[in-house]
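Structure at a glance
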Amino acid sequence: AFGQEVGATGNDPLTFYLDKGLNENIIEAVRTNVGEAFPSNYPTSLPDFRPIPTQQDGVTLAVPLFSQTDPRWATNTIDESNNNFFGAGCGPTSLAMVLKYFGKDVTPLQIGKLQRSGIEYFFGVGSFLPGLAEMALNKYGVQYSPIPISVSDIETHLLEGHPIIGSFGNFQFGSGWRSSGHISVIRGIGRCTIGTRTDTCLYFQDTFAQGGEAAFFASTVINSFEIRALYAFYK
C-alpha cells in the first residue's frame with residue numbers, strides 16, 4: 001500500500017491557488033468589515049508551506065481543496081456573533097472538503113448555513129467537531145468513527161481511504177504565529193525530510209494555508225499541536 005494515492009468513487013478534486021496580492025486584498029476587506037472582532041494576532045498574509053517535502057512512502061488521499069479565505073464566502077458570517085469564514089470557518093470548510101472527497105456536491109457556504117441552524121455545531125468561537133461529524137452523518141450520509149481515533153490509528157484509516165479531521169489547540173502555522181484553536185484535514189502519512197531530519201510526517205489539506213498543503217513531523221503534531229480530537233470519515 002506504500003506510495004499509493006487513494007481516491008473515492010465520484011471524487012472530483014478541486015484545487016485552486018490565490019496569489020499573494022489577492023490574499024492580502026481579501027484580508028484587508030475582512031479586517032475592514034469585522035473591525036475589532038478580527039483577532040489582532042492574525043497574519044497579514046496567509047501562511048505558505050510550499051514547497052511541500054516529498055513523501056517518500058506511505059499513503060496520500062486525494063482530498064479536494066476549499067479555502068476559508070475564498071472571496072465567495074470569506075466575509076459570510078457563520079454564527080450569531082458575526083464570526084465569519086475568514087476568522088472562524090476552518091470547521092465547515094474542512095467538512096466540505098471531506099464531503100467533496102466522498103462525491104457530495106457541497107460548498108463551505110452550504111455547511112455554514114446548516115451550522116447557523118443549530119447550536120450543536122459550535123464551541124465558543126468556532127466549530128464543535130463532534131457536531132460537524134453528526135452533520136456529515138445526518139445530512140449527507142457519510143459515516144464517522146463514533147469514538148475519536150488515537151494517533152496510532154491514523155495510518156490504518158488513511159490506508160483504508162478514510163480522511164481524518166482533527167481539532168487542535170495549538171496549530172503551528174509558523175514560528176511567528178500559532179492558532180489557539182484550529183480544525184484541519186489529515187490526508188497523508190509517510191516519511192519525509194524537513195531540513196536535515198528524515199522521519200514520519202503527516203500531510204494536511206488545510207483551509208487557511210496558502211495553497212492548502214502543509215506537512216509536519218508526526219512527533220511535532222503529537223507533542224505540540226494539542227490534539228483535542230481526531231475523527232475518521234468513511235462511506
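Because the structure is a prediction, the values reported are computed rather than measured.

Opposite charge on two side chains permits pairing when their charged atoms draw close. In the structure shown here, the tally under the stated rule is 4 salt bridges. With a shortest N-O distance of 3.9 Å, Glu213 and Arg187 are connected by a salt bridge. In this pair, Glu213 is assigned in strand E9 (residues 213–217) and Arg187 in strand E7 (residues 182–194), connecting sequence segments 26 residues apart.

Think of an α-helix as 3.6 residues a turn; residues three or four steps apart then line up on the same face. Its 12 residues place the ends of helix H3 (residues 90–101) 17 Å apart at the C-alpha level, agreeing with the 16 Å of an ideal helix rising 1.5 Å per residue. In terms of burial, H3 is a largely internal element, 12 of the 12 residues being buried. What H3 keeps buried is the set Cys90, Gly91, Pro92, Thr93, Ser94, Leu95, Ala96, Met97, Val98, Leu99, Lys100 and Tyr101. A positive backbone phi angle near 85 degrees is found at Gly103, which sits one or two residues after H3.

Once that is clear, we can look at helix H5 (residues 129–140). Taking 1.5 Å per residue, 12 residues should reach 16 Å; H5 reaches 16 Å between its end C-alpha atoms and fits that length. For H5, the set of buried residues is Leu129, Gly131, Leu132, Ala133, Met135, Ala136 and Tyr140. Against H3, helix H4 (108–116), strand E3 (143–144), strand E4 (164–168), E7 and strand E10 (227–234) lie the buried residues of H5. After H5 finishes, the residue Gly141 shows a positive phi value of roughly 70 degrees.

Turning our attention to the packing of aromatic side chains. As enumerated under the stated definition, the model contains 14 aromatic pairs in all. For the ring pair Phe49 and Phe216, a centre distance of 5.4 Å and an interplane angle of 75 degrees mean the geometry is edge-to-face. Taken as a pair, Phe49 in the loop between helix H1 (20–34) and strand E2 (59–61) and Phe216 in strand E9 lie far apart in primary sequence, 167 residues in all. On the basis of relative accessibility, which here comes to 9%, the residue Phe216 falls in the buried class. Plain terms: the ring middles of Tyr144 and Phe233 are 6.3 Å apart, the flat faces sit at 40 degrees to each other, and that makes the pair tilted. Here the residue Tyr144 occupies a position in strand E3, and Phe233 occupies one in strand E10, the gap between them amounting to 89 residues. Across the ring face of Phe217, the terminal group of Arg197 is positioned such that the distance to the ring centre comes to 3.9 Å.

Here we take up the state of the cysteines. Counted according to the given criterion, the structure contains 1 disulfide. The disulfide bridge from Cys192 ends at Cys201, spanning 2.0 Å between sulfur atoms. On the S-S bond that ties Cys192 to Cys201, the torsion sits near -70 degrees, and the link is left-handed. Each member of the pair, Cys192 as well as Cys201, carries the same accessibility label: buried.

Turning our attention to the side chain of Ser184. In this fold, Ser184 is placed in strand E7. Here Asp206 takes part through its side chain, which lies 2.7 Å from a polar atom of the side chain of Ser184. In contact with Ser184, other than residues within four places in its own chain, are Ser94, Ile164, Ile165, Gly166, Phe168, Phe171, Phe204, Gln205 and Asp206.

Each value, and the rule that gives it
- Residues numbered from 1 in each chain as written.
- Predicted model: local features only at pLDDT ≥ 70, side-chain atom pairs only at ≥ 80, totals over all residues.
- Heavy atoms only, no water.
- Salt bridge = Lys/Arg side-chain N within 4 Å of Asp/Glu carboxyl O.
- Helix = DSSP H or I, 4+ residues; strand = E, 2+ residues; numbered from the N terminus.
- Expected span 1.5 Å × (residues − 1).
- Buried < 20%, exposed > 50% of the residue type's maximum accessible area, 1.4 Å probe, protein only.
- Contact = heavy atoms within 4.5 Å.
- Phe/Tyr/Trp six-rings, centres within 6.5 Å; stacked < 30°, edge-to-face > 60°.
- Lys NZ or Arg CZ within 6 Å of the ring centre and 35° of its normal.
- Disulfide = S-S within 2.5 Å.
- Polar contact = N/O pair within 3.5 Å; in protein donor to acceptor, adjacent residues only side chain to side chain.

Keep in mind these numbers describe shape, not what the thing actually does.
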